[in-house]
Every structure is written in C-alpha cells, then in structure tokens.
Amino acid sequence: MWDNSYEEILRRHLPFLSDDEELESETNLRDYGLDSLAMVELLSAIEGFYGTRLAEDALTLETFETAGSLWRALDASLQTTN
C-alpha cells in the first residue's frame, strides 16, 4: 500500500473527498473532483515531492482513474530511479 505522504498529497487534490472518508485503492479519483487541471497539479505535486518523473506511457486517463492505479505508476517510477 502507499505511504502517508501520497495520501496527503492526493487528498489535497480531491475536493469532494471528506476528511472522514477512507481513501481506498479502488477510489475513483474523478468521482471526487479530479479534473484535467487537477491532474496536472497532482502530477506536479507528486513528482516534486518524490523527486521522480512518471514514464510518458503512464500519463494516461487510466493511470489517474483510481488511487491504486496512480500509486502503481508512481511506485514503478520510484523503482526505476532507485
């Protein structure tokens, strides 16, 4: 599963996810307010915090569909940079 920093960053970009709602792997990000502009902002925040770049082929709507799919893309990126 992901670390606390990932969840904190993700929650800041999901305006419709309340503080008491659990963020799960299958949580659909668009259902909680992640639009195209927020995707760009989220990507920038994640890449900046973790010091990595997501692979170009990971920059798809499917990657940003759920919390789990985005984490898997980030984790893969972190594995290649370490």
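Residues numbered from 1 in each chain as written. Predicted model: local features only at pLDDT ≥ 70, side-chain atom pairs only at ≥ 80, totals over all residues. Heavy atoms only, no water.

### Things to note about the side chain of Thr63
- Along the chain, Thr63 turns up in the loop between helix H2 (36–50) and helix H3 (67–81).
- Not counting chain neighbours up to four residues away, the residues in contact with Thr63 comprise Leu54, Ala58, Ser69, Leu70 and Ala73. (Helix = DSSP H or I, 4+ residues; strand = E, 2+ residues; numbered from the N terminus. Contact = heavy atoms within 4.5 Å.)

### Brief notes about the pattern of salt bridges
- Inspection of the entire model under this criterion finds 2 salt bridges.
- With its nearest N and O atoms 3.1 Å apart, the salt bridge here joins Arg11 to Glu7. Separated by 4 residues within a single helix, Arg11 and Glu7 lie in helix H1 (residues 4–12), roughly one turn from each other.
- Arg53 is the partner of Glu47 in a salt bridge, and the nearest nitrogen-oxygen pair spans 2.8 Å.
- For Glu47, a relative accessible area of 10% gives the class buried. (Salt bridge = Lys/Arg side-chain N within 4 Å of Asp/Glu carboxyl O. Buried < 20%, exposed > 50% of the residue type's maximum accessible area, 1.4 Å probe, protein only.)

### Section: the nonpolar core
- Residues Tyr6, Leu10 and Leu70 are the most contacted members of the largest nonpolar core, which totals 24 residues.
- Taken together, the elements giving at least two residues each to this core come down to H1, H2 and H3.
- Aside from chain neighbours lying at most four places away, what touches Leu70 is Tyr6, Leu10, Leu29, Leu42, Ile46, Leu54, Thr63 and Phe64. (Core = buried A, V, L, I, M, F, W, Y, C linked by side-chain atoms within 4.5 Å.)

### Comments concerning the packing of aromatic side chains
- All told, the structure shown has 3 aromatic pairs when counted by the stated rule.
- With 5.3 Å between their ring centres and 50° between their planes, Trp2 and Tyr6 make a pair best called tilted. For the pair Trp2 and Tyr6, a shared accessibility class is recorded, and that class is buried.
- Here the aromatic cluster, defined as three or more aromatic residues joined through ring pairs, consists of Trp2, Tyr6 and Trp71. (Phe/Tyr/Trp six-rings, centres within 6.5 Å; stacked < 30°, edge-to-face > 60°.)

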